[in-house]
Number of protein chains: 2
Amino acid sequence: MTKQDPVSQNLRIQKTFEALFALEDVREIFRGALPSGLNETEEQAFQNKLAELRGLVSELETGTGKPEILKLTGNLPVRDREEACINIQPIQAAGRLTVEARKALIAYGDGYSTCDSCKKPFRLDKIKEQGIADFHGELAEFLNMDQARVVPGARRGFQAVISSLLEKGDVAVVSSLAHYTEFLSVEHAGGIVKEVPLNEKNIITADATAEKIEDVIRETGKVPKIVMIDHFDYQFANEHEVREIAKVSHAYDIPLLYNGAYTVGVMPVDGKALGADFVVGSGHKSMAAAAPSGVLATTEEWAPLVFRTTQMQGDLTGRRFGIKEVEMLGCTLMGGTLFSMMASFPAVKERVLHWDEEVRKSNYLMDRILSISGSRVLSEYPRKRALSKVDTTGSFDKVAQAHKKKGFFLSSELANRGIKGVFPGATKAWKLSTYGLSWEKVTYLGDALTEIAEKYGLGIQDEHAA
Amino acid sequence: MTKQDPVSQNLRIQKTFEALFALEDVREIFRGALPSGLNETEEQAFQNKLAELRGLVSELETGTGKPEILKLTGNLPVRDREEACINIQPIQAAGRLTVEARKALIAYGDGYSTCDSCKKPFRLDKIKEQGIADFHGELAEFLNMDQARVVPGARRGFQAVISSLLEKGDVAVVSSLAHYTEFLSVEHAGGIVKEVPLNEKNIITADATAEKIEDVIRETGKVPKIVMIDHFDYQFANEHEVREIAKVSHAYDIPLLYNGAYTVGVMPVDGKALGADFVVGSGHKSMAAAAPSGVLATTEEWAPLVFRTTQMQGDLTGRRFGIKEVEMLGCTLMGGTLFSMMASFPAVKERVLHWDEEVRKSNYLMDRILSISGSRVLSEYPRKRALSKVDTTGSFDKVAQAHKKKGFFLSSELANRGIKGVFPGATKAWKLSTYGLSWEKVTYLGDALTEIAEKYGLGIQDEHAA
């Protein structure tokens, strides 16, 4: 099952890009022209470009011709990973743009494109035109929280919350699997992190969290200022006891930050039902949006603190800056990133309703991997998520030991079958995601892994095979 | 000179977008397909879409047909402000994407697209592939500084510097025309702003800065921690004595932050010659990049502080996070925003060399505005910049008083001539930018304003006319 007919398929993909680029050249002619119309030179350039475009459409149709544009300015290669391959890179899967987002990015890529209709009071989330204000309301509703803002990445959401809540020396309780950006947000505020231990199944429990809070109080004499919990962590993508942890946390009057970088946008998240005081999500990780983007949502209780408006006044001019929010530093996503999030949003709202199907595909592929003798799943199993960590030390790594390409044989064999996103060289513990792939693709993945295993004489155990 | 032939021109623009969108639909077919090629259903969808595309190309050629796609998902209108109009919106002009940036955004819009080849030590500015590491080096060189990082907007650059330098209660000396994001960055750090007064020409001088520093020392007993100066401010776009201010600042051992939101990317900026310890620029405002994006550059002296790496360690796991930088919160622009900056960079490096021509165009248009009786230029004149503030209280505002559309008559008359970006309703003090417009467009603008003035009986003074 090495990729069939790759030349014509890849050429068609290449010609799709070239046609897109030719149309951007056409667009550039209009951008240079007067509103009254093209002059003779421009009209000629336009007709020439159209002739080129016609040629490209013919090549696209027939799958013939030669690739012409392999590099963009600055020697940047044309990226066709999503078109030519099945991409199972763990952090890229749910940030892949929808076709709607790609169209929005074409139309709204220019710098400050959100500002066309900005009026008093001059704040991004208040702009009525283009549906920007409505989108902020819908985002809050989607997460069942009271207020939401867009931020340049989940990390900037953590920073806003931590910076509002922690003084120097204050403690944030985090998971032993907390993402490094949670650490950095606490370090930035001069705070201290205290980690809750994992149980034997690599799960953060409410009991362990309560014990850690008690420990901190005993050791420091101070109650932690926040508990930050990843619903699913970035290492194993295991599910942690976030709802129960919120109850524990609230028993100590500590607010809970729900790190939804791996959940918001891929599965239903009901902030209030979970007991979250803050919900943070990632646009480029899980909401099919361009980077950097994300969301920070909170309750009416906490909004006045985290979304506090500027109180500063110029000593000389007496200037004030109205309703600009300190933690947001005013407006956040002033262009294409926001519109890519907005354009994907209807699809995102729909896809979270089909989470169970994504989990089924994930488990199907895990079973196919487990069917290869010596393979293990390091994440909790059965899987509750599309991202998983597997251990093929007892299978593919044995092959790697004897292979002239060493560990690179696996990513190379996969690439030959049009599969990308496995960390090159990894044959022991590695991560992958099946998020958003069709059943055909997931089956293809399973078949490819089995085929590679068989090619190198690894056993296939039928009880796990599909 | 009302827009001629607007139907065919606008229709062609519309069809350019529709063809781009059709190609994104084609692309989506490949994204859904197996690496082995299209199946029968997909091939059929592909051929249908190609037939549609052929039709669009014909309509594009002949300028016939009907607009089909006016709204994207979520009721988002297709934005054709840059193609159908001359856009003089003051903050949008230099953030307009180059055609190279638009192509890069098409190829690299997906979420974490910078991460295809991320290897140890896992930090954005260290990624060698796609030219990312080199770009960071070139950025520093471009500004004649030692190190540079990309940040999600100039404001995040201010925040990183201020947060590194100021403790609670510390003073930042800023301009009386400082941008609100400078205020917010200081407020965020718990600091205090002290404003340097303007002279009678609305310029911040070195003398006034020295006096303010002395005042602060006298009043608070503490030396300010930083002086932040906008080379050109956002209000008048006047040039301030930044080089001399840096000398004054250094005489007190105070570092200087050069706010280049209105200069970096449009005119040559030599950080060391200016005496800047920090140079902050904006990608979406002045570097033809998608939002949010920007640059923070500094010297070898200050890099270890502002780009300090994480020192935090998990109390339980002992985890450390290597060379992740605290103020950057790790990686910053993980996708299309960065590639849009990179793709525009060769054009940006070239365009700063033609700054004098941009200034000439600006002055040409100011002279045309001054030729309309009763009009004034509020910015310093002759202009040293493409952005200017004018006062038409004595000209267009007089017309507005009697016009049934009131102040909206001006933006409306301009829109009828294909000119956008003047704040709707403004006829007293308003801002505009001629940045990046051709001489044909600038002349067209001048003619349009004169024509509107004459239509409403305002006098034209020949000494200022072109």
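Along each chain, residue indices are assigned from 1 in the same order as the chain's sequence is written. Here the convention is simple: chains get letters from A, ligands get numbers from 1, in the order in which they are written. Selection of residues for local features in this predicted model requires a pLDDT of at least 70, selection of side-chain atom pairs for listing and counting requires 80 or more, and totals for whole chains, interfaces and linings are taken over all residues.

If you look at the interface, chain B gives 118 residues, while chain A gives 118 residues. Numbered from the N terminus, helices here are DSSP runs of H or I no shorter than four residues, and strands are runs of E no shorter than two. It is helix 1 (residues 6-32) of chain B that provides the largest number of residues to the side of chain B that touches chain A, a total of 16 residues. Counted by class, the side of chain B that touches chain A contains 54 nonpolar, 34 polar and 30 charged residues. Once C-beta atoms have been placed from the backbone, residue pairs whose C-beta atoms lie within 7 Å are recorded as contacts. Throughout, the ten residues Ala, Val, Leu, Ile, Met, Phe, Trp, Tyr, Cys and Pro are labelled nonpolar, Asp, Glu, Lys and Arg are labelled charged, and all others, Gly among them, are labelled polar.

What follows covers the domain arrangement of chain A. Residue and element names in this part refer to chain A. How far each domain reaches was decided by an automatic or database domain assignment. Each domain of chain A was delimited in the assignment, giving domain 1 (6-84), domain 2 (108-351) and domain 3 (354-455). Here domain 2 and domain 3 have C-alpha centroids that lie 32 Å from each other. Between domain 2 and domain 3, the residue contacts involve twelve residues of the former and eleven residues of the latter. Looking at the side of domain 2 that touches domain 3 residue by residue, the classes come out as seven nonpolar, two polar and three charged.

Here the focus is the packing of helix 4 (residues 99-108) of chain A against helix 13 (residues 336-351) of chain A. Residues and elements named next belong to chain A. As a rule, the C-alpha atoms of each element are fitted with a line to give its axis, helices using only the stretch in contact, and angles between N-to-C directions run from 0 to 180 degrees. One can describe the packing of helix 4 onto helix 13 by two numbers: an axis separation of 8 Å at closest approach and a directional angle of 150°. Accordingly, the angle class assigned to the pair helix 4 and helix 13 is roughly antiparallel. Seen from above, helix 4 lies across helix 13 with right-handed handedness. Contacts between helix 4 and helix 13 involve Glu 100, Ala 101, Lys 103, Ala 104, Leu 105 and Tyr 108 from the first element and Gly 336, Phe 339, Ser 340, Met 342, Ala 343, Ser 344 and Ala 347 from the second. Any angle from 65 to 115 degrees is called roughly perpendicular, while one under 35 is roughly parallel, one over 145 is roughly antiparallel, and all others are oblique. Crossing handedness is defined as follows: a turn of the near helix away from the far one that is anticlockwise and smaller than a right angle gives a left-handed crossing, while the clockwise case is right-handed.

Attention now goes to the relation of the copies chain B and chain A. The two copies are related by a screw motion: chain B maps onto chain A through a turn of 180° and a shift of 0.0 Å along the axis, at an RMSD of 0.0 Å. As the rotation angle and translation indicate, the two copies are arranged about a two-fold axis. Identified as the residue of chain B closest to the rotation axis by C-alpha distance is Leu20(B), at 3.0 Å. Residues below a pLDDT of 70 in either copy are left out; the C-alpha atoms of the rest, at least 70 in both, set the least-squares superposition of the copies.

Residues and elements named next belong to chain A. If DSSP finds at least two bridges between two strands, the strands pair. Ordered by their spatial adjacency, seven strands build an open sheet running 4-10-9-8-7-5-6, and the pairing between neighbours is mixed. The outermost strands of the open sheet, each flanked by one partner alone, are strand 4 (147-151) and strand 6 (192-196). On average, each strand axis in the sheet is tilted by 20° relative to the strand beside it, whichever way the strands run. In this structure, strand 9 (residues 278-282) lies alongside strand 10 (residues 294-298), joined through five bridges in antiparallel fashion.

Residues and elements named next belong to chain B. The antiparallel open sheet is built from three strands, whose spatial order is 11-12-14. Taken across any chain shown, the strands that pair with only one partner, and hence form the sheet edges, are strand 11 (376-377) and strand 14 (429-433). Here strand 11 pairs with strand 12 (residues 387-391) via two bridges, running antiparallel. Paired with Arg 376 across the two strands is Asp 391, which belongs to strand 12.

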